[in-house]
There are 2 protein chains.
Amino acid sequence: MVTLAKVAEAAGVGESTVSRVLRNHGSFSRKTRERVMEAVERLGYVPNRIAGTLASAGSRLVALVIPSLTNIVFADVLRGASGILEENQHQAVFSVTDYDPEKEEALVAAMLAWRPTAVMLAGFEHTEGTVKILRASGCRVVELLDLDGTALDLAVGFSDRAAGAASADFLLRRGYRRIGYVGHDPERDTRAAKRFAGFRETLGAAGIPLVDRENHAGASSVENGRSGLERLLARTPDLDAVYFSNDDMALGGYFHCLAHGIPIPARLALFGHNGLDIGRVTPQPLSTIRTPRVATGQVAAELVVADAPSQVVDLGFELIEGATA
Amino acid sequence: MVTLAKVAEAAGVGESTVSRVLRNHGSFSRKTRERVMEAVERLGYVPNRIAGTLASAGSRLVALVIPSLTNIVFADVLRGASGILEENQHQAVFSVTDYDPEKEEALVAAMLAWRPTAVMLAGFEHTEGTVKILRASGCRVVELLDLDGTALDLAVGFSDRAAGAASADFLLRRGYRRIGYVGHDPERDTRAAKRFAGFRETLGAAGIPLVDRENHAGASSVENGRSGLERLLARTPDLDAVYFSNDDMALGGYFHCLAHGIPIPARLALFGHNGLDIGRVTPQPLSTIRTPRVATGQVAAELVVADAPSQVVDLGFELIEGATA
DNA sequence: ATGAAAGCGCTAACAT
DNA sequence: ATGTTAGCGCTTTCAT
């Protein structure tokens, strides 16, 4: 294995000189620089960041602990964050919790062992243990995609509760009165639960009850959305609108309606959440709320890279009228 | 910051003893073990893996350098791999190349600086530089999702060329003769290009020409599939079947047909690639090929963890008849 | 069963 | 401008 010492020897200079040249920090002559670079090339030297980090602190590693990779939402956040991190010579390290707070704690502990610059997590719901080790670690913490709660340090995203409320408000303004809900596992996906809470609250304030709901125990998916709507309609056929826990679910509902010739939105209105691209190209564009997923990752990464002071950044969301509600 | 030395002092034992207890390696008394664990708890000690790795070699880090996160294919591979890696106390570190070989080289170099156990890459197409540093690094290399080429070390996936051929074969057996193609950027997505090559080859062998094709310069997406099919049909209306570069594109084509009342498959047959879940729940299930994405990640991770000898693992694929062709 | 000490490959003073 | 040296926080002989 080629080490810095070998490069120094090959170039006929001291180790610290090689280090200075490689990091382009401190002073050295043009000639020295060339000699060093030549040796680096010739030997195929790749600096050992493990050693570098140990010697200097600052690992330039950012840990992302996310609930799921299947859910495009987190893939988008990851993409936004890793883009900015790369541009700033940081590395993204990630792991997946499957929406399990205990697993999250274990993973956070494992990540902390790499002494990351920051840890990014989804939402505000963490175990006491997670909060404790995070606090003790002294590293930056970013909580993503939730603003309805108290931030540990940095928080970036939008309010799910407000998004749910806006969705309800939209359906009410459109004149829908017999409204149902099709959702997925609310225990695990607490952000979807918050949307639903905001949704119900707004309906309630308008004196309109939620007529019926269907909750699938598993993860959100197009399939579960389709079967969920089917069950809901079997039980309560006379709904005029359905709110889905997200676009995947809503898309499933849409497919159910297409397959069974249910006119949309005349006979039944559908409303989703997330504003996925696919919802823009269905025969009828999906009525939904576009969430700032990539931007959330980007802003989170920017704050970390800049070592910004603790703060909460609300990126908001945008209602897309679409043609299904 | 709590270090092993502080734990040792607090527990009244030597550093090496703490190390042994923590790694459960070597011998120590029951009493000592308890004293150490008590101190660890009390101080909230989290071992520093940076230091541990430097002292012992073996970083237990596995680098995944993938073309895209938007493409669910790679998210699936990532998920498969990270699951197995976690179970075996390894960490996944990843970065995204945007299908750019030069960027891949830079990223591989950056990852190598962390002295990973293995580097996983998509496909066989790499720059000379990438191959060189990979070889020099001495770490394991896994090339994913491609078998049509020469492996550097380990390779796991299926043959895109064979998948394309199987798709053509299926359409021919169904009796389609005026066949078109809608694809995305073939320069970047070389695996899609290989599928297309296999597809054409099989058509050619049967004496059936490819009537027309439409290639979008950008990435694959539902939107580009929809607009691509629209352009293709505007130019060549009398096609009886269309092969798409993947399911996202095919889904877009499907939506175009739904929106324009084109009967499927009577008037036009559609065939995709990947076997995404969403294609199972559309009003008509999509005819496509299911690829072993999660399994690819899993098997790759298993081989790395087991430090298996160099080999090529063909996970095959499965044709799904569906109802669109 | 346990401790002392020598590194692992770098960086960061501190000299010169 | 450049070299010397003392760590960074562990793991790993090697003694005891």
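Residues numbered from 1 in each chain as written. Chains lettered and ligands numbered in written order. Predicted model: local features only at pLDDT ≥ 70, side-chain atom pairs only at ≥ 80, totals over all residues. Heavy atoms only, no water.

Attention now goes to the overall build of chain A. Counting its secondary structure elements, chain A contains twelve helices and twelve strands. Its C-alpha radius of gyration of 25 Å places chain A more than 25% over the 20 Å reference for a compact globule of 325 residues. Dimensions of chain A along its principal axes, counting C-alpha atoms only, are 85 × 40 × 30 Å. Of all 325 residues assigned to chain A, the portion counted as buried reaches 54%. Here the contacts in chain A between residues at least 6 apart in sequence split such that 67% fall between residues at least 24 apart. Computing the positive centroid from 34 side-chain charges and the negative centroid from 39, chain A places the two 5 Å apart. (Helix = DSSP H or I, 4+ residues; strand = E, 2+ residues; numbered from the N terminus. Rg over C-alpha atoms; globule rule 2.2 N^0.38 Å. Buried < 20%, exposed > 50% of the residue type's maximum accessible area, 1.4 Å probe, protein only. Contact = heavy atoms within 4.5 Å. Lys, Arg positive; Asp, Glu negative; His and termini not counted. Charge placed at Lys NZ, Arg CZ, Asp CG, Glu CD.)

Quick look at the interface of chain A and chain B now. In this complex, chain A contributes 48 residues to the contact, which on the side of chain B involves 48 residues. In total, about 4400 Å² of surface goes out of reach between chain A and chain B, with carbon and sulfur atoms giving 70% of it. Taken together, chain A and chain B are joined by one salt bridge. For the salt bridge of Glu86 of chain B with Lys103 of chain A, the shortest nitrogen-to-oxygen distance reads 4.0 Å. Applying the counting rule to chain A against chain B returns eight residue pairs in polar contact (both at pLDDT 80 or more). (Buried area = accessible area lost by both parts, 1.4 Å probe. Salt bridge = Lys/Arg side-chain N within 4 Å of Asp/Glu carboxyl O. Polar contact = N/O pair within 3.5 Å; in protein donor to acceptor, adjacent residues only side chain to side chain.)

Attention now goes to the sheet that holds strand E6 (residues 179-183) of chain B. Residues and elements named next belong to chain B. An order of E7-E6-E8-E9 is seen for the four strands of this open sheet, with the pairing classed as parallel. Two strands lie at the open edges of the sheet, namely strand E7 (210-215) and strand E9 (269-271), each paired on one side alone. The mean inter-strand angle of the sheet, taken between neighbouring strand axes irrespective of direction, is 20°. The pairing of E6 with strand E8 (residues 241-244) spans four bridges and is classified as parallel. Looking at the pairing, Tyr181 lines up with Tyr243 of E8. Contacting E6, E7 and E8, helix H9 (residues 190-205) runs over the sheet at an angle of about 170° to E7. (Pairing = 2+ DSSP bridges. Axes fitted to C-alpha atoms, helices over the stretch in contact; angles between N-to-C directions.)

In the neighbourhood of DNA strand C, 24 residues make up the surrounding shell, with Ser19 and Tyr45 of chain A together with Arg20, Ser27 and Thr32 of chain B lying closest. Protein-adjacent atoms of DNA strand C, using a 4 Å cutoff, are sugar or phosphate at a proportion of 66%. In this structure, a base nitrogen belonging to DNA strand C sits 3.3 Å away from a main-chain N or O atom of Ala51 of chain A. Ala55 of chain B is positioned with one of its backbone polar atoms (N or O) 3.2 Å from a base oxygen of DNA strand C. Sorting the residues of the surface near DNA strand C by element identifies helix H2 (15-23) and helix H4 (49-56) of chain A together with helix H2 (15-23) and helix H4 (49-56) of chain B as the ones contributing at least two each. Considering only residue class, the surface near DNA strand C consists of eight nonpolar, 13 polar and three charged. (Near = heavy atom within 4 Å. Nonpolar A, V, L, I, M, F, W, Y, C, P; charged D, E, K, R; others polar.)

Here we take up the protein's contact with DNA strand D. Near DNA strand D you find 24 residues, and of these Gly14, Ser27, Ser29 and Thr32 of chain A together with Ser19 of chain B are the closest. Backbone atoms, meaning sugar plus phosphate, form 64% of the atoms of DNA strand D positioned within 4 Å of the protein. Between DNA strand D and Arg20 of chain A, the relevant distance is 3.0 Å, taken from a base nitrogen to a side-chain nitrogen or oxygen of the residue. Class assignment for the residues of the surface near DNA strand D results in eight nonpolar, 13 polar and three charged.

Of the transformation placing chain A onto chain B, the axial shift is 0.0 Å and the rotation is 180°, giving an RMSD of 0.1 Å. Taken together, the rotation and translation describe the operation of a two-fold axis. The rotation axis passes nearest to the C-alpha of Val93 of chain A in chain A, at a distance of 2.3 Å. Comparing contact sets, 100% of the residues at the interface of chain A also lie at the interface in chain B, consistent with an isologous, same-surface contact. (Least-squares fit on C-alpha atoms with pLDDT ≥ 70 in both.)

The next subject is helix H6 (residues 101-112) of chain B. Look at H6 of chain B: 16 Å from first C-alpha to last across twelve residues, which is about the 16 Å you get at 1.5 Å a residue. Buried residues of H6 of chain B: Glu104, Leu107, Val108, Met111 and Leu112 of chain B, and no others. On an axial view of H6 of chain B, the arc spanned by its buried residues comes to 135°, and they lie on one face. Turning to H6 of chain B, the residues buried within the fold contact helix H5 (72-87) and strand E2 (91-96) of chain A together with strand E1 (61-66), strand E2 (91-96), strand E3 (118-122) and helix H7 (128-137) of chain B. The N-cap residue of H6 of chain B is Asp100 of chain B: its side-chain oxygen and the backbone nitrogen of Glu102 of chain B are 2.9 Å apart. (Expected span 1.5 Å × (residues − 1). Arc of directions from axis to C-beta.)

Right, let's get into helix H8 (residues 160-173) of chain A. Residue and element names in this part refer to chain A. With 14 residues, H8 extends 20 Å between its outermost C-alpha atoms, agreeing within 8% with the 20 Å of an ideal straight helix rising 1.5 Å per residue. Among the residues making up H8, those that are buried are Asp160, Ala163, Gly164, Ala166, Ser167, Ala168, Phe170, Leu171 and Leu172. Buried residues along H8 sit against strand E6 (179-183), helix H9 (190-205), strand E8 (241-244), strand E9 (269-271), strand E10 (288-290) and strand E12 (318-320). Just downstream of H8, Gly175 is the residue with a positive phi angle, here 95°.

Residue and element names in this part refer to chain A. For the coordinates displayed, the defined rule picks out 18 aromatic pairs over all chains. Here the aromatic rings of Phe74 and Tyr99 are separated by 6.4 Å at their centres, their planes lie at 70°, and the arrangement is edge-to-face. Taken as a pair, Phe74 in helix H5 and Tyr99 in the loop between E2 and helix H6 (101-112) lie far apart in primary sequence, 25 residues in all. Given the relative accessible area of 2%, Phe74 is considered buried. When the centroid spacing of 6.2 Å and the interplanar angle of 40° are considered together, the rings of Tyr254 and Phe255 count as tilted. Assigned by exposure class, Tyr254 and Phe255 land together as buried. (Phe/Tyr/Trp six-rings, centres within 6.5 Å; stacked < 30°, edge-to-face > 60°.)

Okay, the sheet that holds E8 of chain A next. Two orientations exist for strands paired in a sheet by backbone hydrogen bonds: parallel and antiparallel. All names here are of chain A. Read from one edge of the open sheet, four strands run E7-E6-E8-E9, paired in parallel fashion. Bordering the open sheet on either side are strand E7 (210-215) and E9, each of which pairs with just one other strand. The sheet shows a mean angle of 20° between the axes of neighbouring strands, taken without regard to direction. Pairing geometry for E8 and E9, over three bridges, is parallel. Bridge pairing links Tyr243 to Phe271 in E9. The sheet strands contacting H9 are E6, E7 and E8, and the helix crosses E7 at an angle near 170°.

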